[in-house]
Amino acid sequence: MFSELKFPVPWGHVAAKAWGPSEGHPVLCLHGWLDNANTFDKLIPLLPKGYYYVAMDFSGHGLSSHRPAGAPYHFLDYVTDVRRVAAALQWRRFTLMGHSMGGSVAGMVSKASFLHGVCDFCTWDNKGEKKEGTNSVGLGSQGSRSPSLTPSPGQQDEDITQGPAVLFFSCCFLSPQFCFLYPEMVDKLILLENLGFLLAPEDTEAWLESKRVVIDRLLSLEAKQQTPRARSPEAALERLLEANSHLTAEGGAVLLQRGATETPAGLVYNRDLRVRTQSREYFTVEQCVKLLQKIQDRVLIIVAHDGLLVPHKLDTRNQFVKALREAFDTTLKEHIQLVEVPGSHFVHLNEPEVVSGIISNFLTVQNARARL
């Protein structure tokens, strides 16, 4: 069973749901772009009892209030959402678990807690059992993939028609952000289908254009003043699944329960259209290295074999990527745990039993470096 929570903010409230005893060790769970707290509905019941799991809806998502009229969604605003919730709960130290974009937000809090130089890379079967053989894999190239032109799993409506390359990274880089800024507040970091850094464009004009697009899209949305489209429950789910090839029908239905509101005309998606205009945080190679050097060894990264971040599928031809990887290999000595499992970008929702054992072990061992 879970309980619903609401945390007052100047523009309304941040919504959340909680499982477990409030006196248990706190775990804050952060969802992906255009998703909501329900993304953890199937996973959390399989995790260790005695912990207090709180899954929040970022502003403009799920049951949380939209930001005020005229206000854009900056990446750092999501980090602020996390800080507000932690303050409201009076948490001084807690575990962060983020999926996709939620993983990037979490990392900004302990900015150095999600990407250490060389990772212990393991492959797991669909029962959560570790397969024989372990390879050492550098994370530099993986954490700095050139933007994908494949629509992000978060794309949920026909009005999201531009910029999938931009939105891909918005999806995958939130959790580490909180860790970077407030490392003293995070004891462990769990990243689901998230690796961490979004590198600044090599070309200055490309960087300027990315900022211009954010402003132009926001103004365009304001000018259109679109009325949210209402759909039948069947059509709303169908549209969600069309835009999210990694979701199963069951998983989509779970997200839709919190991601849409019933009106006389039908279901209307809750997310704020302005979310797609969010401004992202970029880092240079040098900044990435300095941040990584501050990380403590308390990180678990899980990537799905058919997800968005499988190491051997990522592009390593970019010179920027190569430079970052070299810096990882030569400057950073500590290890993190990187685990590949069967499944898709939403493996934690579609097949939670595949990752629940791995996460449970990481949560319960005193030393985060304990081998899985």
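Going along each chain's sequence as written, the residues are numbered from 1 onward. Per-residue local features of the predicted model are confined to residues with pLDDT of at least 70, and side-chain atom pairs are confined, for both listing and counting, to 80 or more; whole-chain, interface and lining totals are unaffected and use all residues. Computation of side-chain values covers all heavy atoms of the structure but excludes hydrogens and water.

## Quick word on the packing of aromatic side chains
Then comes step 1: Note on ring pairs: Phe, Tyr and Trp rings are taken, using the six-membered ring of Trp, and paired if centres are within 6.5 Å. Classes follow the plane angle, with under 30 degrees stacked, over 60 edge-to-face and the rest tilted. By the definition in use, this model includes eight aromatic pairs.
Then comes step 2: With centroids separated by 6.2 Å and ring planes inclined at 80°, the aromatic side chains of Y52 and W91 adopt a geometry described as edge-to-face. One end of the pair, Y52, is in strand β4 (residues 51-56); the other, W91, is in the loop between α1 (75-89) and β5 (94-99), with 39 residues separating them in the sequence.
Then comes step 3: Exposure classes here rest on a 1.4 Å probe applied to the protein chains alone. A residue is buried below 20% of its type maximum, exposed above 50%, and partly exposed in between. Overall, the relative accessible area of 11% leaves W91 in the buried class.
Then comes step 4: With a centroid separation of 5.9 Å and 40° between ring planes, the pair formed by F94 and F178 is classed as tilted. Of this pair, F94 sits in strand β5 while F178 sits in helix α4 (residues 178-181), placing them 84 residues apart in sequence.
Then comes step 5: When its relative accessible area of 0% is taken as the criterion, F94 is described as buried.
Then comes step 6: Counted as over-ring charges are cases with an Arg CZ or a Lys NZ within 6 Å of the ring centre that also lie within 35 degrees of the ring normal. Just above the ring of F2 sits the side chain of K17; from NZ or CZ to the centre is 4.0 Å. Secondary structure elements are defined from DSSP: runs of H or I of at least 4 residues count as helices, runs of E of at least 2 residues count as strands, and each element is numbered from the N terminus.

## Focus: the packing of helix α6 (residues 233-243) against helix α7 (residues 249-259)
Then comes step 1: Look at α6 against α7: their axes get within 10 Å of each other, and the N-to-C directions meet at 115°. In this view, α6 runs roughly perpendicular relative to α7, as classed from their interaxial angle. Once α6 is placed against α7, the crossing between them reads as right-handed. Residues P233, A236, L237, L240 and L241 of α6 lie in contact with α7, whose contacting residues are A249, G252, A253, L255 and L256.
Then comes step 2: Each residue is assigned to one class: nonpolar for Ala, Val, Leu, Ile, Met, Phe, Trp, Tyr, Cys and Pro, charged for Asp, Glu, Lys and Arg, and polar for all the others, Gly among them. Considering only residue class, the contact of α6 with α7 consists of nine nonpolar, one polar and no charged. Angles shown run from 0 to 180 degrees and are taken between the N-to-C directions of axes, each axis being a line fitted to C-alpha atoms and, for helices, limited to the stretch in contact. Comment on the angle field: the value is read as roughly parallel under 35 degrees, roughly antiparallel over 145, roughly perpendicular from 65 to 115, and oblique elsewhere. Less than a right angle of anticlockwise turn of the near helix away from the far helix marks a crossing as left-handed, whereas a clockwise turn marks it as right-handed. In this description, contact between two residues means that some pair of their heavy atoms is separated by no more than 4.5 Å.

## Notes on the side chain of D187
Then comes step 1: Note that D187 resides in strand β9 (residues 186-192).
Then comes step 2: R93 provides the closest opposite charge to the buried, salt-bridge-free D187, at an N-O distance of 5.0 Å.
Then comes step 3: The term polar contact refers here to a pair of N or O atoms within 3.5 Å; inside protein, the definition further demands a hydrogen-donor-capable atom paired with an acceptor-capable atom, and it admits residues adjacent in sequence only when both atoms are side-chain atoms. Reaching out from D187, the side chain makes a polar contact with the side chain of H25 at a distance of 2.7 Å.
Then comes step 4: Reaching out from D187, the side chain makes a polar contact with the side chain of T95 at a distance of 2.7 Å.
Then comes step 5: Residues within four places of D187 in sequence aside, it is in contact with H25, R93, F94, T95 and R298. In this tally Asp and Glu are treated as negative and Lys and Arg as positive; neither His nor the chain ends contributes. Each salt bridge in this description consists of a side-chain nitrogen of Lys or Arg and a carboxyl oxygen of Asp or Glu lying within 4 Å of one another.

## A few points about the nonpolar core
Then comes step 1: For the purposes of this section, nonpolar cores are sets of buried Ala, Val, Leu, Ile, Met, Phe, Trp, Tyr and Cys residues that join through side-chain atoms within 4.5 Å. L28, V54, M56 and L96 are the most contacted members of the largest nonpolar core, which totals 38 residues.
Then comes step 2: The element contributing the most residues to this core is α1, with six residues.
Then comes step 3: Setting aside its immediate chain neighbours within four residues, V54 contacts L5, A16, K17, A18, V27, L28, C29, L89 and W91.
Then comes step 4: Counting 26 residues, the second largest nonpolar core, distinct from the first, contains A37, I190, A304 and V341.

## Side note on the sheet that holds strand β12 (residues 266-269)
Then comes step 1: The antiparallel open sheet is built from three strands, whose spatial order is β10-β12-β11. Each edge of the open sheet carries a strand with a single partner, namely β10 (230-231) and β11 (260-263).
Then comes step 2: Both β10 and β12 contribute to a ladder of two bridges, which runs antiparallel. Looking at β12, one finds that A230 is bridged to V268.
Then comes step 3: The sheet contacts of α6 involve β10 and β12, and relative to β12 the element is tilted by about 30°. We treat two strands as partners when DSSP finds at least two bridges between them.

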